[in-house]
Amino acid sequence: MPAMTYTLRWPDASQTAAYSPSLVIQDYFQPGQSYALDEFLSRLREATDIANERVRAKFGFACSRAGDQLRSLEALAARFSSLPGARVEVLGFGPAD
């Protein structure tokens, strides 16, 4: 199963490298695009669910790293939830580490 990383820029200009166990994340985000915080989280949750189902279909269990990554990104996003117009930018995709 091809895994990948993607880089995010948060409203405070900090960056995060994130992991996906599937290339499906590319179907939900475009490099150089920014997403309203709620839309970003909705897309992220859906893409992570699909990625986990792909892993489950192949290996018989979900990817715990993807679940951990989702919770971590949700926690980061929560820091900006009260910021009007908060957006998350997807900077790019890369190979898994």
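Just above sits the structure.
First, a word on scope: everything that follows refers to the structure included in this document. (Residues numbered from 1 in each chain as written. Predicted model: local features only at pLDDT ≥ 70, side-chain atom pairs only at ≥ 80, totals over all residues. Heavy atoms only, no water.)

## So, the environment of Leu-44
Relative to the assigned elements, Leu-44 resides in helix 2 (residues 37-59). In this structure, the C-alpha to C-alpha distance between Leu-44 and Ser-34, residues 10 residues apart in sequence, is 13 Å. Other than its neighbours up to four places away in sequence, Leu-44 contacts Tyr-6, Ile-25, Phe-29, Leu-70 and Leu-73. (Helix = DSSP H or I, 4+ residues; strand = E, 2+ residues; numbered from the N terminus. Contact = heavy atoms within 4.5 Å.)

## Remarks on helix 3 (residues 64-78)
The end-to-end C-alpha distance of helix 3, which contains 15 residues, comes to 21 Å, matching closely the 21 Å that a straight helix rising 1.5 Å per residue would cover. Structurally, helix 3 contributes buried residues whose contacts are with strand 1 (4-9), strand 2 (15-20) and helix 2. (Expected span 1.5 Å × (residues − 1).)

## Some details on the nonpolar core
Counting 24 residues, the largest nonpolar core has Leu-8, Trp-10, Phe-29, Phe-40, Leu-44 and Leu-73 as the members making the most contacts within it. Looking at this core, the elements that each hand over two or more residues are strand 1, helix 1 (25-28), helix 2, helix 3 and strand 4 (87-95). Top contributing element to this core by residue count: helix 2, with 6 residues. Those residues within four positions of Phe-29 in sequence are excluded, and the remaining contacts are Tyr-35, Phe-40, Arg-43, Leu-44, Val-90 and Phe-93. (Core = buried A, V, L, I, M, F, W, Y, C linked by side-chain atoms within 4.5 Å. Buried < 20%, exposed > 50% of the residue type's maximum accessible area, 1.4 Å probe, protein only.)

## Quick notes on the packing of aromatic side chains
Both the distance between ring centres and the angle between the ring planes are used here to describe each pair of aromatic rings. Across all of its chains, the model carries 5 aromatic pairs by this definition. With 5.9 Å between their ring centres and 85° between their planes, Trp-10 and Phe-40 make a pair best called edge-to-face. In this pair, Trp-10 sits in the loop between strand 1 and strand 2 while Phe-40 sits in helix 2, placing the two residues 30 residues apart along the sequence. Like Trp-10, the residue Phe-40 is buried in the burial classification. Relative to Tyr-35, the ring of Phe-29 has its centre 5.2 Å away and its plane inclined at 85°; by these criteria the two rings are edge-to-face. Residue Phe-29 is classed as buried on the basis of its relative accessible area, which comes to 1%. Cluster of aromatic residues (ring-pair linked, three or more members): Trp-10, Phe-29, Tyr-35, Phe-40 and Phe-80. (Phe/Tyr/Trp six-rings, centres within 6.5 Å; stacked < 30°, edge-to-face > 60°.)

## Focus: helix 2
Between its first and last C-alpha atoms helix 2 spans 32 Å; for 23 residues at 1.5 Å apiece the expected length is 33 Å, and the two agree. Taken as a whole, helix 2 has its buried residues at Leu-37, Phe-40, Leu-41, Leu-44, Ala-47, Thr-48, Ala-51, Asn-52 and Val-55. Buried residues along helix 2 sit in contact with strand 1, strand 2, helix 1, strand 3 (34-36), helix 3 and strand 4. Following helix 2 by one or two positions, Gly-60 adopts a phi angle in the positive range, close to 90°.

## Considerations on the packing of helix 2 against helix 3
Two elements in contact, helix 2 and helix 3, have axes whose closest approach is 10 Å; the angle formed by their N-to-C orientations is 175°. Overall, the two elements helix 2 and helix 3 adopt an arrangement that is roughly antiparallel. Residues Leu-37, Leu-41, Leu-44, Arg-45, Thr-48 and Asn-52 of helix 2 form the contact with helix 3, whose participating residues are Ala-66, Gly-67, Leu-70, Leu-73, Glu-74 and Ala-77. Grouping the amino acids of the contact of helix 2 with helix 3 by side-chain chemistry returns 7 nonpolar, 3 polar and 2 charged. (Axes fitted to C-alpha atoms, helices over the stretch in contact; angles between N-to-C directions. Parallel < 35°, antiparallel > 145°, perpendicular 65-115°, else oblique. Nonpolar A, V, L, I, M, F, W, Y, C, P; charged D, E, K, R; others polar.)

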